Amino acid sequence: MAADHTHSAPSAPPRVRRILVMTVVPLFVATVVAAALLWPRGGSPQTDGGADVPRHPGTVTRVVSEPCPPTPSVPEGTPRVGDGRCGTVDVRVDDGPTAGKQVRTPVPDGPGAPRVEVGDEVILVELADPTDPTTSNWNIAEHQRGTPMVWLAVVFAAAIVAFGRWRGLAALAGLAASFAILLTFVLPGIGAGRSPLLVAVVGAALIMFVVLYLTHGVTAQTSVAVLGTLGSLVLTGVLATIATAATHLTGFGSEDATALSMFQGDVDLHGLLLAGIIIGSLGVLDDVTVTQAATVTELANANPGLTRLQLYRAATRVGRAHIASTVNTIVLAYAGASLPLLLLLTADARPIGQILTSEFLAQEIVRSAVATLGLIAAVPLTTGLAAVVTAAGRTDAPPSTGASSPRPQPDRAEALAALSSPRTTGSDEPDRTRTTPPSEATDRWPESNRSTDTAW
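Here the structure is a predicted model, which means the values were calculated and not measured.

Rules behind the numbers
Residues numbered from 1 in each chain as written. Predicted model: local features only at pLDDT ≥ 70, side-chain atom pairs only at ≥ 80, totals over all residues. Heavy atoms only, no water. Patch = residues over 30% accessible without salt bridge, like charges linked within 9 Å, V, L, I, M, F, W, Y side chains within 5 Å. Areas by Shrake-Rupley, 256 points an atom, 1.4 Å probe, with all protein chains shown as cover. Salt bridge = Lys/Arg side-chain N within 4 Å of Asp/Glu carboxyl O. Lys, Arg positive; Asp, Glu negative; His and termini not counted. Charge placed at Lys NZ, Arg CZ, Asp CG, Glu CD. Helix = DSSP H or I, 4+ residues; strand = E, 2+ residues; numbered from the N terminus. Axes fitted to C-alpha atoms, helices over the stretch in contact; angles between N-to-C directions. Parallel < 35°, antiparallel > 145°, perpendicular 65-115°, else oblique. Left-handed = near helix turned anticlockwise from the far one by under 90°. Nonpolar A, V, L, I, M, F, W, Y, C, P; charged D, E, K, R; others polar. Core = buried A, V, L, I, M, F, W, Y, C linked by side-chain atoms within 4.5 Å. Buried < 20%, exposed > 50% of the residue type's maximum accessible area, 1.4 Å probe, protein only. Contact = heavy atoms within 4.5 Å.

Colleague: With reference to specific residues and values, describe a positive patch on the surface.
Modeller: A cluster of basic residues, Arg15, Arg17, Arg18 and Arg308, forms a positive patch on the protein surface. Among the elements that take part in the positive patch, helix α1 (residues 14-38) stands out by supplying 3 residues, more than any other. Residue position: arginine 15 is located in helix α1.

Colleague: Requested: an account of the packing of helix α6 (residues 269-302) against helix α10 (residues 359-391), with residues and values cited.
Modeller: Two elements in contact, α6 and α10, have axes whose closest approach is 8 Å; the angle formed by their N-to-C orientations is 30°. Compared by their axis directions, α6 and α10 come out roughly parallel. Note on packing geometry: the crossing formed by α6 with α10 is right-handed. A breakdown of the residues in the contact of α6 with α10 according to their chemical character gives 15 nonpolar, 10 polar and 1 charged.

Colleague: So, the nonpolar core: which residues are in play, and what are the values?
Modeller: If you look at the biggest cluster of nonpolar residues, it comprises 56 residues, and the most contacted ones within it are Phe185, Met208 and Leu311. Counting only elements with at least two residues in this core, the list comes to α1, α2 (146-191), α3 (196-216), α4 (220-246), α6, α7 (308-337) and α10. The biggest single contributor to this core is α3, with 12 residues. Once residues within four sequence positions are removed from consideration, methionine 208 is found in contact with Tyr213, Val226, Thr229, Leu230 and Leu282. Grouped together as the second largest cluster of nonpolar side chains are 11 residues, Val89, Val91, Val103 and Val107 included.

Colleague: Explain the environment of valine 199 to me, using residue names and the numbers behind them.
Modeller: Following the sequence through the fold, valine 199 ends up in helix α3. Discounting residues that sit within four places of it in the chain, valine 199 has contacts with Leu38, Phe185, Val186, Gly189, Ile190 and Arg194.

Next up, the structure:
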């Protein structure tokens, strides 16, 4: 989300509020109706996810390491699986019908196997022996992560509330609402066979309405950000559809998608790719739109005499600097989430052109490019709407003396005398170096075409 703009925006004129209400309310009603029509019914579809293996929490009480038996020779160049850890682990079962029972498991070995020590809390799986169903074998699946994650969530929430206060509490409520919509509507809707793109657009719009108004209040400034975000989301969806069709992406660009197609073959993976681009763009879009709407409001409050065009130009310069840093954020976010894939591709012996145009990497490039294009479009769209709304109803405001009037020229002799005379610091002597009254100095505004990108 955007930064906390704590200054309350002045009330918009009644005519502007009526126009915003007549625009935003029908869009919100249409979003709610679409969500009701697309809402999954009848529960989640049954998937062939394999047998349900019992899982039990336990605590490691003893670890015995043993030398591994010699392995038969393998051909040179064969990748090594595991790190050769052998021995036994005694674990006390903490919950379930067998609570308190001591079980013995082999030391976890293999790629990604957890390293356990005495006192570690782990998750045990009980596997029936296929030769003797009455006998069970126990294995350590992974560590228990519930307690550390709960403490991390508590620290996360406390830091947000301590810094943002009531606004931070509202942000946490908005975050909870976002997850609720994703878990109860978007994911079940896609799993039920609905169009992933349509479900993602409706779900993103629903998240946008709830989160923005809950976090930033029901104001004209927030309504402008809502309209800018919605317009940018629609544009992002159109661009994503065109880009994925032009590059012939199928959605099978990751092992997760391939595994999903095996368990649930009726999911449209191409539409799922589009849905991921829409949902992923929403978090950055609302940051930009809220910031641009707040920037226009603050500029108008600082100098009420600025025209719509001057407000648009000044706020666009701020948005240009914001976009320059956010574009790098988007690319690095996608790169960070795909580091294993990128590392695998660097070891590929194919030419760089073939690697860049492969399904795996082309999918990430399209994600980043489309999200960036939607983000760039959000700046002029939101800034223009905010300038029109903020400047509306201010035709009777007194014109600013600094926005368009020439800068007053001081008297040459007075300026030379001020430069040659020593500067006095006593409170009894007037400051003769001041050539402009304080009121004029504070009301002066930079030229409309002057850039704020000052060199350091």
